[in-house]
Amino acid sequence: MIASLLLIPALLMLPQGGDGEARSGVSDRDLAKMGKEIDAFFTALDEDDRKNQLEALGKLETAMSKAGKKAKADLSMLAYTGDWDYALEVAKKPDRSLSSDFGKGFFRHVFADPWDRDGRRVVSLLSVPAGVKSGEIMPAIVCLKSSLGLTGKDLDDGLSEMATQAFGALLENFIVLIPIGLEKGSGRKAESLETEGSWSADDNMYVLFTAYRTLLEQLPFDRTRVILDGWGEAGIDALQLAGTTPFFSGVLLRSSPVDSPAVIYSNLAEIPVMYLQGSADSAPESLEALTESEGVSVEVLQVEGESMAPAADSLVKVQEWLGARQKDPNPADFSYKLGDVRFGSVNWCTATVINRRVTAKPDDADFPSVKVHVAPGSNKVDIETVNVFEMIIFLNDEIVDMDKPVTIAVNGEVMVKDKIYKRSLRDLLETRFFNNSGDYGLYTASERIEGMDANLPSKD
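On a predicted model such as this, the values are computed, not experimentally measured, just so you know.

Rules and cut-offs
Residues numbered from 1 in each chain as written. Predicted model: local features only at pLDDT ≥ 70, side-chain atom pairs only at ≥ 80, totals over all residues. Heavy atoms only, no water. Axes fitted to C-alpha atoms, helices over the stretch in contact; angles between N-to-C directions. Helix = DSSP H or I, 4+ residues; strand = E, 2+ residues; numbered from the N terminus. Parallel < 35°, antiparallel > 145°, perpendicular 65-115°, else oblique. Left-handed = near helix turned anticlockwise from the far one by under 90°. Contact = heavy atoms within 4.5 Å. Nonpolar A, V, L, I, M, F, W, Y, C, P; charged D, E, K, R; others polar. Pairing = 2+ DSSP bridges. Salt bridge = Lys/Arg side-chain N within 4 Å of Asp/Glu carboxyl O. Buried < 20%, exposed > 50% of the residue type's maximum accessible area, 1.4 Å probe, protein only. Phe/Tyr/Trp six-rings, centres within 6.5 Å; stacked < 30°, edge-to-face > 60°. Lys NZ or Arg CZ within 6 Å of the ring centre and 35° of its normal.

Visitor: Quick one: what's the story with the packing of helix α4 (residues 50-71) against helix α12 (residues 425-434), residue by residue and with numbers?
Guide: Working note: a packed helix pair is described by the angle between its axes plus the distance between those axes. Two numbers describe how α4 lies on α12: the axes approach to 11 Å, and their chain directions differ by 115°. Classified by the angle their axes make, α4 and α12 are roughly perpendicular. Every pair of crossing elements has a handedness; the one defined by α4 and α12 is right-handed. In this structure, α4 contributes Q53, L54, L57, L60 and E61 to the contact, and α12 contributes L425, R426 and L429. Residue composition of the contact of α4 with α12, by class: five nonpolar, one polar and two charged.

Visitor: Hey, could you go over the sheet that holds strand β13 (residues 369-374) for me, with residue numbers and the actual values?
Guide: Strand order across the open sheet formed by five strands is β10-β13-β14-β16-β17, with mixed pairing between neighbours. Because the sheet does not close on itself, it has two edges, and the strands there are β10 (333-337) and β17 (413-419). Sheet twist, expressed as the average angle between the axes of neighbouring strands with direction ignored, equals 10°. Pairing analysis gives five bridges linking β10 to β13, with the strands arranged antiparallel. Across the sheet, Y336 pairs through a bridge with V370, a residue of β13.

Visitor: Give me unusual backbone geometry: which residues, what numbers.
Guide: A positive phi angle is found at N379, which is not glycine, with a value near 55°. In this structure, N379 sits in the loop between β13 and β14 (380-386). The phi dihedral of N455 is positive, around 55°, even though this residue is not glycine.

Visitor: Run through the pattern of salt bridges, naming residues and quoting values.
Guide: If you walk through the whole model with that rule in mind, you get 33 salt bridges. Of the charged contacts in the structure, one is a salt bridge between R108 and E183, with a shortest N-O distance of 3.0 Å. With a gap of 75 residues between them, R108 in strand β1 (residues 107-112) and E183 in strand β4 (residues 175-184) connect regions that are remote in the sequence. The class for R108 is partly exposed, based on a relative accessible area of 31%. Three or more residues joined by partner-sharing salt bridges are found here, namely E21, D85, E89, K92, R223 and R432.

Visitor: An account of the pairing of β17 is requested, with residue identities and associated values reported.
Guide: Pairing between strand β16 (residues 406-410) and β17: four bridges, direction antiparallel. Considered in β17, the bridge of V406 is made with K419. Here β16 folds back onto β17, and the loop between the two strands holds two residues, one of which, N411, carries a positive phi near 55°.

Visitor: Help me get a handle on the packing of aromatic side chains, residues and values and all.
Guide: Following the criterion strictly, the structure yields 13 aromatic pairs and no others. Taken together through their ring pairs, the aromatic side chains of F209, Y212, F221, F247, F248, F343 and Y440 make up a single cluster. Over the aromatic face of Y206 sits the side chain of R120, whose NZ or CZ is 3.6 Å from the ring centroid. In this arrangement the basic side chain of R432 is found over the ring face of Y440, its NZ or CZ atom lying 3.6 Å from the centre.

The values are spatial; any link to function lies outside them.
As C-alpha cells, this is what we get:
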C-alpha cells in the first residue's frame, strides 16, 4: 500500500499511448468499432481466403471513410497513423483463458506458433494490469533473466516471487513479460524448462521473440514504450539485443555487467539506460564501458540492498524514468551499425542483403551501416550505407508527404525520382500482420532498392 501511495505523483506523469502520431479527430469509440473488420481481415489473411480478405477490406474502407467524414478529416484516413495504431491495438480481444488473470499479478502463459513444425510451446510469466481488460493501452516491460537452476512449479513459483519483488506497484501500470523457455509434457504433466546460456543464441532467440508475440498478437500495448529489463548477468544480453533489434525505447539493468565486444554501444544512442546498482549485489566495479560511450544516456540509481528488490522510494524513481521513455516510431534522422545479420530492420528501413566480414569489428570502416536523413519539407529520403546491397524502405505520412512526389537517394545516387506512392490499406494491414517491416510499424507503401554500391571507404 505504501509503495502504491508513493507512486501516485509519478503515475500522473506517465504519458499515454499515441503521443506524436497524427490523429484525424475520429473518436476512440468509432475506431474501436472497426475491430470486427480488422479481425475478419486478419483471419482471412491467415487462412489465405482471398474473397473474405476483399470483403473485410471493403467494409473497413467504408467504415473509415464514414468516420473521417463525420470527424471532418482533412486528409486520407490512411494518413493518420495514430488512428490506425489505436484501432489495431484495441482490435485485439484476449480470450478468457488470458484475460481472467488480468490484475492478479503474475501468471503462467503459453504461446504456441501453429505453423511451427516442431510443435514447440513457449512459456512465459506474465502480469497484465486490470485496465487492459477494459481497453487501456499500456506500456510494457520485457525481462531477460539468467538461469535460476529450477524446473517445473519450483521455477514458476520462484520466478513469480522474484518478479513481484522487482516491480512492486509498477505492476498496476505496466504489462510485464518474462520469457522462461519451452514447455515439456502436456496437460497436468506440463512443466516449464528455462533457457540456458546467452539470449542471443538461436534457440533462446526463438523463445524470446515467440514470447514477444504475446504482445504483438494477443495484448493491446503501446509499441512506443517497451522497456527491456536485464537481470544480473542477463543484462549484457539486454544491451546487445537493444542495440540490435528495433522494438525497445529503453533498457533497465540490475547490477549487470556492461562491458562486452558483442555490444555495439553507438546503437544505444537513442535508447536510454537506467542502471540499478544494488549495494548487496556483486555489480562490476566500473561502468565506464557504458557510461563513457559517446551519445549513450545512462542514469545510475544506487539501490539499498538488492537491485531485484528495490525499496518503494527507488521504485518511484524507476517509475519516473520509465514514464519519460518513448520511442519515436518514425524518426527523420538515425544511424545504425548492422552487427547481427539476422536483424536488418532499423526503424522504417530494412537491410535485406548485408555483406559483413566474419572478423569485422564495429570500428572498422567497412562495417555494415545505415544512416538516414529526411530534411523537413523536402520529401527526399537520403540514405548512406556501407556494405548493404539491398534495402526495403517503408513509408507513411509521418515520414514524407505521400500526396507529393518522393525522391530516394542512396549514397548520393538517386534511386527513385519524384514518385507518388498510392497509400494502400492492404499494405498497412499485411505489414502489421506479418511484421514485414521488422519493427511492428504502420506503413502504407514501400520501395525495394536493389543494386546498391558497397560504398566502401577509400584506403587512402
